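Coordinate analysis (summary)
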Amino acid sequence: MRFPRSRSDIEHLVPGGRDGRRMLWVSFTDKAGSGLWYGTSALYYTFVAGLAPHEIGLLLGVAGAVGVAGTPVAGRVADRVPLTRLLPAVHALRAAAAVGILFTGTLWLLLPIAALGSLGDRSASVLTKLYAARVAGPDRVRYQALQRTVVNIGFGIGGLAAAVALAVGTGTAYRTMLVGDALSFAGAALLVLRCAEPPSPVRVVATAATAGGEPPLSKAPATGPWRDRGYLAYTATEALLFLDDTALNVGLPLWIATATAAPHSLVALLFVLNNVLVVLFQVRLSRLGDEPRRAAASLPLLGLAFLVAGGAMAVSAVDSAGIAVVALVVAATAFTAAEIVHAAISWELSLALAPGRSQGAYLGVHGLAQSAQRSAGPVLLTSAVMAAGPLGWLGLGGALAAVSVGQRTLVRRRLDRLDALERPGAAAPQAPAVPSGTVTVSGVDYGE
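Here's what I pulled together on the structure shown here. (Residues numbered from 1 in each chain as written. Predicted model: local features only at pLDDT ≥ 70, side-chain atom pairs only at ≥ 80, totals over all residues. Heavy atoms only, no water.)

**A few points about the environment of Ala-327**
Test applied: Numbered from the N terminus, helices here are DSSP runs of H or I no shorter than four residues, and strands are runs of E no shorter than two. Residue contacts are defined here by distance: any two heavy atoms, one from each residue, within 4.5 Å place the two residues in contact.
If you trace the backbone, Ala-327 turns up in helix H16 (residues 321-352). Apart from the residues lying within four places of it in its own chain, the contact partners of Ala-327 are Ala-312, Val-315 and Ser-316.

Structure, rendered in structure tokens:
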């Protein structure tokens, strides 16, 4: 990897100009604060808030369930409200929730506060992605790779600070991490306010219609993403392919602790390995998703990574510490490879398969895949995969490889349909008559 040596090198490296660079700082500030809180939240609720384990489980479960609504709601609103006003408001909501947690020690008060914070977290995620897609334009895949690299650096720095707080172990140390989390959201909001609003397909089309021009034909179905069967099917497969996240953060640590002869300290080292690999290779491998058909063609690589990871996890159960350590390193590397490849592919396809004028609404629906995985993934991993032992990991690897191949077929079929609509001479769908100056959306069915 060639590192930039001057300001001009940095400007050339980061798509989106000054606003693109500022949004990278937003992501870094946000995730550095999140790293502080994620590393200490469970112990904060235990030793500072005084909650019992079952109460913490209820709190996190309710917050996660409410957070699921954040992606579709925020995405839909973003098609109507400027991002540079909506995103700071969401960050302000997150900061307020963090402060609320700081001054609350009762479960029934913590429930709504944590739920609002979770709603803000998921909303901020989809809005940041949407801003990146608009500000970077055709270089959005490269920008997303840079953003993921910055996010991992931010998480790493926040995690190191959280480790210090855990070593100190006092209530003051835990509260300091929560204050730092709130300040990071406030800082992110201020940085977004300095950014210019990026071009939006919604406003571009509306402006053309208002000026008396002919609005460009949209391939969007009139019913939107919730009745677009093809996009919903794609989102459903995405929920499964996002399982690399739960496998790394939940499955791997629990498997090491309960089913292998490897030392428990290996967990921390594998997390470091994951962060280092993402920082080193996310930008380099972004070319796998720099065009929709190339992204679809790269899906078998994702399937291969899942196969290797599942096989290595199965091997790690042997009664040998040395073999277990080697197998777990291979598994963590393979799951990280799946994470990197899927990030590049998913980012491009989630946008390329969505109509431009409803990009926010569609991206919000796509965000449900990750939210659903985070809710159901731990249950699936612990109650089905790990309960079945080594065969469970082999089955998971094979199933996710099959989903990868199936998604390639689904995506290619959808892209072929879109290409057919764009060919010269293709019959344009007839839209109903509307009053002059009204922007319409054609009723094209994408199919499955």
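Additional details are given in the paragraphs that follow.
**A look at the pattern of salt bridges**
As a reminder, the rule being used: Here a salt bridge means any side-chain nitrogen of Lys or Arg lying within 4 Å of a carboxyl oxygen belonging to Asp or Glu. Residue burial is assigned from relative accessible area. The probe radius is 1.4 Å, only protein chains are included, and a residue is buried under 20% of its type maximum, exposed over 50%, and partly exposed in between.
Counting across every chain of the model gives four salt bridges. Between Asp-121 and Arg-94 there is a salt bridge, with the nearest N and O atoms lying 2.6 Å from each other. Pair noted here: Asp-121 is in helix H7 (residues 107-136) and Arg-94 is in helix H6 (residues 83-102), with a separation of 27 residues, a long-range link. Using a relative accessible area of 25% as the deciding quantity, one classes Asp-121 as partly exposed. With relative accessibility at 2%, the residue Arg-94 sits in the buried group. Its salt-bridge partner being Arg-414, residue Asp-228 comes within 3.0 Å of it at the nearest N-O pair. Here Asp-228 is found in the loop between helix H10 (201-210) and helix H11 (229-241), whereas its partner Arg-414 is found in helix H18 (residues 390-422), with 186 residues between them in sequence. Each of the two residues, Asp-228 as well as Arg-414, counts as buried.

**Overview of H16**
The periodicity of an α-helix, 3.6 residues per turn, causes residues three or four positions apart to be oriented the same way. Let me state the cut-off plainly: Given a helix with a known number of residues, its expected span is that number minus one, times 1.5 Å.
Spanning 32 residues, H16 covers 46 Å between terminal C-alpha atoms, matching the ideal 46 Å at 1.5 Å per step. Among the 32 residues in H16, 23 count as buried, and that is most of the element.

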